[in-house]
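Fold and geometry: a report
One letter stands for each residue in the lines below.
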Amino acid sequence: MINKLVYEDEVFEKLNLAGNSYNRIEFQSCTFKNCDLGDANLMRCRFLDCRFEDCNLSMAKLEGATLNDVSFKGCKLMGVNFSKCDDFLFSVAFENCTLDYASFAGKKMIKTSFNKSSVKEVSFTDATLTGSVFGDCDLENAVFSKTDLSSVNFSTAYNFIIDPELNTLKKAVFAITGLENLLTRHGIRVI
């Protein structure tokens, strides 16, 4: 159970915090394994150098929360509005995660790793993703609008549609099979 204001170097396993509210709790170098934080309100909580493994954080509320050097592996993060997180030192990484319907609108996410994840219908509107990698990610209906995608690696990403006229794509990397996804707006087919 969460009953302190600061936790450091702790491992939480099979913790069920679903639907509960926590405010201004700090977690430093903590690991969460098989925990359920679905629909939890984590307002202004601070996660510093933390790892989440096989956790459910779907619909968790992160308003004002700090996520600094936080990694998610095998987690469900459906509908999480990361745009409400504190911008200062915001740094996350995702591997084998389900991020469908999440939002990163307006976030500055330099060199963020999205690896083998479902990123369907996620909003990246007005975000800065410079140098990020979408490795083997499903980006079906993900929204890229006024997004800085400079030097982003999309070479193994699929199902994306990106309008080069609405986004910055300087030095972005695409596989030849993904070129059609850049030309959809113009009705051009690549065969």
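Note that the coordinates shown come from a computational prediction; the quantities given were computed from them, not determined experimentally. (Residues numbered from 1 in each chain as written. Predicted model: local features only at pLDDT ≥ 70, side-chain atom pairs only at ≥ 80, totals over all residues. Heavy atoms only, no water.)

Residues Val92 and Phe94 line the buried face of strand S9 (residues 92–95), whereas the alternating positions Ala93 and Glu95 sit on a face that is not buried. One ladder, built from four bridges, connects strand S8 (residues 70–73) with S9; its direction is parallel. Bridge pairing in S9 links lysine 73 to glutamate 95. With three bridges connecting them, S9 and strand S10 (residues 113–115) associate as parallel partners. Looking at the pairing, glutamate 95 lines up with asparagine 115 of S10. (Buried < 20%, exposed > 50% of the residue type's maximum accessible area, 1.4 Å probe, protein only. Helix = DSSP H or I, 4+ residues; strand = E, 2+ residues; numbered from the N terminus. Pairing = 2+ DSSP bridges.)

Below, the discussion takes up the pairing of S8. Side chains Val70 and Phe72 of S8 all project onto a buried face; the interleaved residues Ser71 and Lys73 project onto a face where none is buried. In this structure, strand S6 (residues 51–53) lies alongside S8, joined through three bridges in parallel fashion. What sits directly across from phenylalanine 52, in S8, is phenylalanine 72.

Take the pattern of salt bridges next. Evaluated as defined, the whole model comprises six salt bridges. The closest approach of N and O atoms between glutamate 10 and lysine 4, which form a salt bridge, is 3.3 Å. Assessed through its relative accessible area of 39%, lysine 4 is described here as partly exposed. One salt bridge in this structure joins aspartate 87 and lysine 107, with 2.4 Å as the shortest N-O distance. Of this pair, aspartate 87 sits in the loop between S8 and S9 while lysine 107 sits in the loop between S9 and S10; the two residues are 20 residues apart in sequence, bridging distant segments of the chain. With a relative accessible area of 54%, aspartate 87 lands in the exposed category. (Salt bridge = Lys/Arg side-chain N within 4 Å of Asp/Glu carboxyl O.)

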